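Each chain, letter by letter, is given below.
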Amino acid sequence: GPHGTTLRRTGSSSGKVTISVAAKPKAKAKPDPEPFRLSPSDSGVFPVAGPHSYGSDGARFGAKRNGHKHQGEDVIAGRGTPVVAPLGGTMNSTDYEKDGAGYYVVLDASDDRSFFFAHCRKDTVVVKGGQTVSTGQRLCDVGNTGDSSGPHLHFEIWVGGWRRDKHSRPIDPLAQLRAWDR
């Protein structure tokens, strides 16, 4: 028994017990994460402050790439067009990726989303990690750096932070871009 004691049978019991065995319950499958829904009060500004257009089907979220899927939306604009913060928040980081994003910036918005802006024109990033920015503040200019076939902004929205942990994930930014593009 517990604590090292010897258990003994008392009375006239036979020592036989009926045991029912049931299969181990299956673990409930985790549901897919809730899709991020825009709230009617979701205000902000379009991240390209000038004439622009949306890319073709190959520039859309989920388009096939070599070894991965496109995680953002490409917004075509002239080289040097200002890229601005759609919402206020804190700059997460700025960096350069030669064979990918080129010059890029990451903004952590106050609503638990992160925004990723890639292919910024060289020498135009005017923010740094840890800096607080306001809605509409200039971050960089549209460029053609990294693995890019022409001037455009590659824009991503991440729920749960940009590559923060296993729960972080990109979502299709097109609906949000269109809501801001009014």
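**Notes on the packing of aromatic side chains**
Throughout the structure, instances matching the rule amount to 9 aromatic pairs. Between the aromatic rings of Tyr-104 and Trp-162, the centroid separation amounts to 5.9 Å while the plane-to-plane angle is 55°, which identifies the pairing as tilted. With a gap of 58 residues between them, Tyr-104 in strand S7 (residues 102-109) and Trp-162 in the loop between strand S11 (152-159) and strand S12 (169-171) connect regions that are remote in the sequence. Put simply, the rings of Phe-115, Phe-117, Phe-155 and Trp-180 pair up and form one aromatic cluster. Sitting over the ring of Tyr-54, Arg-178 keeps its end group 5.5 Å from the ring centre.

**Considerations on the pattern of salt bridges**
For the coordinates displayed, the defined rule picks out 3 salt bridges. The partner of Arg-113 in a salt bridge is Asp-111, and the shortest N-O contact between them spans 2.8 Å. By relative accessible area, Arg-113 is classed as buried at 1%. Linking Arg-164 and Asp-112 is a salt bridge whose minimum nitrogen-to-oxygen distance equals 3.7 Å. Pair noted here: Arg-164 is in the loop between S11 and S12 and Asp-112 is in the loop between S7 and strand S8 (113-120), with a separation of 52 residues, a long-range link.

**Some thoughts on the pairing of S11**
Among the 8 residues of S11, 8 are classified as buried, and the element is accordingly described as predominantly covered. For strand S4 (residues 73-77) and S11, the ladder comprises 4 bridges, and the chain directions are antiparallel. Looking across to S11, one finds that Asp-74 is bridged to His-154. By the bridge criterion, 6 bridges tie S8 to S11 in an arrangement that is antiparallel. Looking at the pairing, Ser-114 lines up with Trp-158 of S11. Here S11 runs beside S12; their pairing, made up of 3 bridges, is antiparallel.

Here is what the cut-offs are and how they apply
Residues numbered from 1 in each chain as written. Predicted model: local features only at pLDDT ≥ 70, side-chain atom pairs only at ≥ 80, totals over all residues. Heavy atoms only, no water. Phe/Tyr/Trp six-rings, centres within 6.5 Å; stacked < 30°, edge-to-face > 60°. Helix = DSSP H or I, 4+ residues; strand = E, 2+ residues; numbered from the N terminus. Lys NZ or Arg CZ within 6 Å of the ring centre and 35° of its normal. Salt bridge = Lys/Arg side-chain N within 4 Å of Asp/Glu carboxyl O. Buried < 20%, exposed > 50% of the residue type's maximum accessible area, 1.4 Å probe, protein only. Pairing = 2+ DSSP bridges.

By themselves, these figures tell us nothing about what the structure is for.
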